[in-house]
Every structure is written in C-alpha cells, then in structure tokens.
Amino acid sequence: MFRDAWAVFVKDLRIEAASRVGLWQVLPFAAIALLLFAFALGPSHRVLASGAAGVTWVGVVFATFLIVGRSQSIEAGAGISESQRLAGIDPAGVFLGKAGAVAVQLLAVEGLLGVGARLLLDFHCARWWLVIVASLLATIGLSAAGTLYGALVGATRARETLLPMLVLPVLVPVLIAAVRLWQAAGVAEGQGLAGWLSILGTFAVIYTAAGILFYGQVQEHS
Amino acid sequence: MKRHRLTITGWAAAVSLIATAILGILITPQDVTQKEYSRFLYLHPPMAWVAYLAFGVAALSSVLYLWPRTRREAFDHLALASVEAGVLFTGLVLVTGSMWAEPVWGTYWVWDARLTATALMFVLFLGYLAFRRTGGTKQNIARRSAIVALISFIDVPIVHFSVLWWNTLHQGPSVLTPGLSAQGVHGSMAWTMLLSFVAFTLLFCWMVGRRTALERLRASAGGSELQDAIAARRAEGTSVEVGA
Amino acid sequence: MLAVRWVEMEALALHNVVALDGTFPVLAGASFEAPQGSLVAILGGNGAGKTSMLRTLAGLTTIVEGSGRVLGFDLSTQASGLVGNVCLLGHGTGLYEELSPQANLKFLATIGRLDRSGVASSLQRVGLTGRTATTPLQQLSAGQRRRAALASLILRSPALWLMDEPHASLDRGGRALVDALVAEAVGRGSTVVLTSHDANEASEAADLVVELVGGATSGARRGGGGIRHVS
C-alpha cells in the first residue's frame, strides 16, 4: 500500500510540476478570491483583520475543488485506470498518494493566502505553532475528504457541479475549526483549543480511514 | 402477507395521525406563554425524530449493502427510500421550526447548533439524492451512493459539535430559553406528543414500505429488459448485413 | 503450479458468454477455445464487440450468462486472479500524457512490482531512445506514443496479451515491430489475442480466427499460423 502510495504521490506531483496547472491557475485564483473578499468587506482595517482567517479558509476550501478536480482529471486518460487495475495497483495506495499530492498543493495555497492575509488584511499572529498545527490537520481532512468525493463524483457526468454540492456541507466542520483556531492564534491566549483541534483530528482520521476502506469500491466499474 | 402488513401499517398511520390532530387541536390546552403555537409540539419534534430515524436506517442499510456477505439489492432500495423520506421530513422540520420560531423567538432563524446542523444534514442528504441521479450501472450507483450515505451520516455528529462550539463560544444561548420546560408538559399534552411520535413513525414505515416496493418493481422490470437487449444485440449483426 | 494448470486446460475458453458493460450486453453469446501459446485474431465490423471481447478476457466486464475461463481463472468468480497476468493495449495508450515514456514505465514497474532494469531495454526494443524516451508523451507523434504503449507491454510481458488493433496508426516499421513482438511473445509461450479489420492478413498470421457478429461468435476457424515464421 505505502509503496504504491509513494509512487502515485511522486507521479502526481511530477505531473503538476510539468503542467503547472496549480501554479498558473489555482494560486492566482486563490489570490483573486482574497482580493474579492477584501473588496466585499470594505477598507476598514478592523473589519479586515477580524475577517482575515475566515477569508483565508473560504479561499482554501474553494481551491480544494480545483485541486481535487485536476487530481481526478489526470486519471481520466484513455486506458489508464484499466491498465493500472490489471497491473495490480492497490486502491488504498492510490487514495493515499493522491490525497498526499493534493495536501502538498493545498499547503502551498494556504501559505500564499496566509502571507496575503498578513500583508493585506492585517492578520496578526501571536502563536505560530497553533497556525501550523491547525493548518496541517485541516489540510489532511480537506485532502482526504476531497479525494474520496472527487473519485465518487469523478466517473459521473456533471462532476463540476456535483462535487461542490456534495463536498461543501461535508467540509463545514473543517472550515469552522480552522477559522476559529487561526483567530485564536491571533491572541496570546484563548480557551477551547483542544475541542477545535480534536474536531480537525477526528475529521482527518475518519476521512482518511474511509478513503483507505472505500477507494477500491469507488473505482470498480462493474 | 407482506403487502397485507403494509396496508395495516398505512391504516394505523392514518388513524393515529387523525387522532393526533384531534387531540392536538381540540383537546389539549394551549400553553401559557406560547399560546396556540405550542401545538407545533405534536408536529415538529416527531418529524425531527423521523428524520433522524430515516438517516439512521439509510446508514445502516448502506453498511449492510457494502458488506459483501449481506449485500442485497433490497438494502439499496431501503436506503434510497429512507433518504427520500428523511430529506422530506428534514425539510418539513425546518419549515415548521421557522413557522414556530417567528412568533415565539421573534425571528425565523437563529444560528443555533441544532438548527444549523439540521440544515447541513438536509443539504448533505439532498446531495445524496442528486448523486443518485447521475449515470452509471445499477450496481455502480448502489455501491457509490451507499458510501455517500455512510460518510454523510458519520459527518453529522462532527458537524453538530463544530456548530455547537462555533455558536456557544461567541454568543450567548439566551435566545433559546423561553420554552415549555419551565412549566412542564401537561398530562394530556404528554400523551398527545407520545401518540404523535407513534403516528409519524408509522407514517414513515408505510412510506418507506411503499417506496421500496416500487423500487423492487422497477428492478424486476429491468430483468426482462436484459433478454430483449441480448436479442436486439444479436440482431444488430444480421440487420447490418442485410443493409449492406 | 499455474503452469501445470495451463497445460491441462485451454488458456482461453468461453462458452456462450453474455457480458455486460454497464447495462448493455456487449457480448451476446460468445464461444471459442484456444490453447496456451497461440495467436488468436478477432475479426468483425464496427460495433461487433471486438474490443468488448478483449475487455471480457481481461475480466473487466460483468458476465451474466455462460461461462469463461482465462489462464485457469473463472471469469465470473476469480477474475481478480488475472491481475498481473494480463495486459490490455486499447485505443488509448494507458499512459500519462504529461510524463515521458521513461517516467511512465518506471511508474508501471513500481506498481506492478517489476524489475526497473526492464524499463530501458523495453524502450530500446521499440526504438524510443535518447530524447524521445524523456520527452512528455503529449509532445510525441501518434506513432511514437503507440510505441511507448508497446514498450509498457514488453515491460510486463504477461501470460496473456490483449491487443486492440495493434497495427493502427503505425508506419511500416512499426507494423513489423508489432509482428515481431507478437511472434516473440507466442514463442515464449504467452497467449496473444488481437483484433483486426484485415481478414486476409489476420487469417495468415493467426492460429485461430474468431469472427464476431452482433456480439456473438459466428464462427471460428484455423488460421495459417504464419506468425511463427516472423523473425
């Protein structure tokens, strides 16, 4: 499983490095989203600073759709899924590899949006460790749930419209928890951290487990 | 025999619903603070219970479908029927809740944990129904939607806790306190409420029974289609040769 | 153990197979048998079910009537046993367009638990060396992509080769290469099934010619077996 996962992970990132879809489409999209939200909130520094975490994570959630959609379209080439099935690839490994590659791209988006929030929206951060831990846990959850749903929707028609509809309500807990933790990181102290971190952790564990369990059944065609 | 039982369930549901309506509207007293609006007590809570019951049944039958040893087409039909009923009742719960909240709370909607989680649950399972309408073979749709139903159901408690803390950490839950609990539920009200739970559960069973029967008919109609399709496929070759 | 079973029974044996792809019966009564190490040519017009026959032999369709055994595995109950023993060359290459032939083959070697040293020799065998081996597939010509797909078959060298119109979009040199590869595979004892439009050429080369009409086999006859004289 881990051998296949690593192979798929490296392969997906190589394809991304070659095609630069993430660099030229996803990152600019995230940056534009950040600007749009800033325009919507108005020029007040206080409002912008208080909305910074929310703006960032809504941007991350939208970027998840783009990255997951791209991740699935890589596999859509003629004969690819069949030839890999006949070669005996482990579906759980495919899931982990693809989710891992999605996670790396998401972290890049989060980094960009974080810097943008710091520079443009006056996002202040007193506890960096909290921002990093929260972002990592949220990223695992987003990429696992996104990859699983991406594969579920992948083979059906109308996947562009169906994926957001199915995944958005699912991702709500991650969005809320990540925003709350980023806000909490803005001040030196705050309570309720364990609860939010455990929501992110539980979400990440459940969707990773579901992906490992079900990815094979999702991909079967008969 | 099974048909017979379904008919009895249907009549029992009809009778108990009518009885609930009579008791709820004519017999039980109105609440001191909520006035006539307290009669939503016989409509809103039992429908919420049925909604959760429906999604629970859907998740359970989806597990049974996914498990290879218990895989039966009937479990897929049951899951579909339950989710349809669940979405309907969740929608009604949201509507009746808003109708009650406007006069009593002074607003149609508050971002309370239970309300928000219910709304998200509605959207989650609406997604399930949308998903079922996409193309694919029967087994393929059944297997994939069973996975969707299962992970949606697992998501519900996570959604619940996240919106619970999201709300309570930043605004007081004071809006929610005016209720009936302070004075307790009157004797006849308690009995009527109990009856309403029974009535709506029977209604749910009848609806799901009818819906699975319909789905079973559809599936068996597909069986004879296969023989026709095979014959048509074989004829394809000969007709091409005649044409050429 | 497996080898013993192959000798005992035919490598391919279909009896009145009705197979579904989705809900459509792509095969509506297909029967033929072929021993191990033979070359089978499937003939038929457009939509006759040639590609579906290959997919069925690879265990990728759902069999609803009849029975089929491939390499000793029952297609209805043991299709997963074919994993690692079958290769299917379809109309697509089965490779990633964004990656080079070399990177594609290395990936296939990893997921197929194969020796990575076979990558270079496979590419060399189909004439993809130097720049063409490391250029992304999407920048190569149709013929070169086809050769890359052939290299992926050589890399795996399975017991059963399924090739859908392997001569399509290849120049004369490429067609000769396909013939040589098929001859080598058959010589090693692998079974090869290919589809073709060209009845004359197929009848000459193959050991067995199976004709499909409307998803059903309309006849099977001995071919010339000329593939054994290709050097």
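Basis of the calculations
- Residues numbered from 1 in each chain as written.
- Chains lettered and ligands numbered in written order.
- Predicted model: local features only at pLDDT ≥ 70, side-chain atom pairs only at ≥ 80, totals over all residues.
- Heavy atoms only, no water.
- Helix = DSSP H or I, 4+ residues; strand = E, 2+ residues; numbered from the N terminus.
- Buried < 20%, exposed > 50% of the residue type's maximum accessible area, 1.4 Å probe, protein only.
- Contact = heavy atoms within 4.5 Å.
- 1 Å grid on protein atoms, 1.4 Å probe; cavity = no way out; pocket = protein on both sides within 12 Å on 5 of 7 lines; lining within 4 Å.
- Points joined across faces, edges and corners; volume = space filled by probe spheres on them.
- Nonpolar A, V, L, I, M, F, W, Y, C, P; charged D, E, K, R; others polar.
- Buried area = accessible area lost by both parts, 1.4 Å probe.
- Salt bridge = Lys/Arg side-chain N within 4 Å of Asp/Glu carboxyl O.
- Polar contact = N/O pair within 3.5 Å; in protein donor to acceptor, adjacent residues only side chain to side chain.
- Pairing = 2+ DSSP bridges.
- Expected span 1.5 Å × (residues − 1).
- Core = buried A, V, L, I, M, F, W, Y, C linked by side-chain atoms within 4.5 Å.

Draft legend 1. A look at the overall build of chain B. Scanning chain B from N- to C-terminus turns up six helices and zero strands. Counting from the amino terminus, chain B carries its helices and strands in the arrangement α-α-α-α-α-α. Looking at chain B as a whole, 42% of its 244 residues qualify as buried. When contacts within chain B are restricted to residue pairs at least 6 apart in sequence, long-range pairs at least 24 apart make up 80% of them.

Draft legend 2. A look at unusual backbone geometry. Residues and elements named next belong to chain C. Not every positive phi belongs to a glycine, and arginine 113 is a case in point at roughly 50°. One can find arginine 113 in the loop between helix H3 (101-111) and helix H4 (118-125). Judged by relative accessible area, which is 42%, arginine 113 ranks as partly exposed.

Draft legend 3. Just empty space enclosed by the protein, in detail. Within the structure shown, the criterion is met by three cavities of 30 Å³ or more. Volume-wise, the largest cavity comes out at about 60 Å³. Along the walls of the largest cavity sit Ser83 of chain A together with Cys87, Leu88, Leu89, Thr93, Gly94, Leu95, Leu108, Ser152, Leu153 and Arg156 of chain C, which together make up its complete lining. Listing elements by their share of the lining of the largest cavity, those giving two or more residues are strand E6 (86-89) and helix H6 (142-156) of chain C. Taken together, the residues that form the lining of the largest cavity break down as six nonpolar, four polar and one charged.

Draft legend 4. Expanded view of the interface of chain C and chain A. Contact residues are listed per partner, giving 23 residues for chain C and 23 residues for chain A. Counting the surface lost from both chain C and chain A, the interface buries some 2100 Å², and carbon and sulfur atoms represent 62% of this. Broken down residue by residue, the surface that chain C buries against chain A is led by Tyr96, Glu98 and Ile111 of chain C, which jointly contribute 27%. Its salt-bridge partner being arginine 113 of chain C, residue aspartate 4 of chain A comes within 2.8 Å of it at the nearest N-O pair. Remark: the boundary between chain C and chain A carries eight residue pairs in polar contact (both at pLDDT 80 or more). Elements with a minimum of two residues in the side of chain C that touches chain A: E6 and H3 of chain C. When residues in the side of chain C that touches chain A are grouped by element, the largest group, five residues, is from H3 of chain C. Its residues assigned to classes, the side of chain C that touches chain A shows 12 nonpolar, seven polar and four charged.

Draft legend 5. Inspection of the side chain of histidine 77 of chain B at higher detail. Note that histidine 77 of chain B resides in helix H3 (residues 73-105). For histidine 77 of chain B, the residues in contact, after removing those within four places along its chain, are Thr212, Glu215, Arg216 and Ala219 of chain B.

Draft legend 6. View of the pairing of strand E2 (residues 24-34) of chain C. The element E2 of chain C is largely enclosed, with a buried count of eight among its 11 residues. Hairpin connection from strand E1 (residues 12-21) of chain C to E2 of chain C: two residues lie between these consecutive antiparallel strands, with glycine 22 of chain C at a positive phi of about 75°.

Draft legend 7. A look at helix H7 (residues 172-187) of chain C. All names here are of chain C. Given a rise of 1.5 Å per residue, 16 residues ought to cover 22 Å, and the 22 Å separating the end C-alpha atoms of H7 matches this to within 8%. If you check which residues of H7 are buried, you get Gly174, Leu177, Val178, Ala180, Leu181, Val182, Ala183, Ala185 and Val186. Here the buried face of H7 lies against strand E3 (39-43), H4, H6, strand E7 (160-163) and strand E8 (191-196).

Draft legend 8. Here's a closer look at the side chain of serine 135 of chain A. Residues and elements named next belong to chain A. By secondary structure assignment, the location of serine 135 is in helix H6 (residues 128-154). For serine 135, a relative accessible area of 7% gives the class buried. A polar atom in the side chain of serine 135 sits 3.2 Å from the side chain of tryptophan 182. When near neighbours in sequence (up to four residues on either side) are disregarded, serine 135 contacts Trp57, Glu110 and Trp182.

Draft legend 9. Structural context of the nonpolar core. In this structure, Tyr149 of chain A, Tyr128 of chain B together with Leu150, Met163 and Val182 of chain C are the most contacted members of the largest nonpolar core, which totals 143 residues. The contacts of tyrosine 149 of chain A, once residues within four sequence positions are left out, are Leu163, Leu166, Val167, Val170 and Tyr207 of chain A together with Val148, Ile151 and Ser152 of chain B. Leu14, Leu57, Leu88 and Leu160 of chain C belong to the second-largest nonpolar core, a separate cluster that totals 34 residues.

Draft legend 10. View of the interface of chain B and chain A. Listed as interface residues are 33 residues of chain B and, on the opposing side, 30 residues of chain A. Both faces combined, the contact of chain B with chain A buries some 2800 Å², and carbon together with sulfur accounts for 71% of it. Taken together, the connections running from chain B to chain A amount to zero salt bridges. Linking chain B with chain A are six residue pairs in polar contact (both at pLDDT 80 or more). Looking at the side of chain B that touches chain A, the elements that each hand over two or more residues are helix H4 (113-132) and helix H5 (138-168) of chain B. In terms of residues, the side of chain B that touches chain A owes the most to one element, H5 of chain B, which gives 18 residues.

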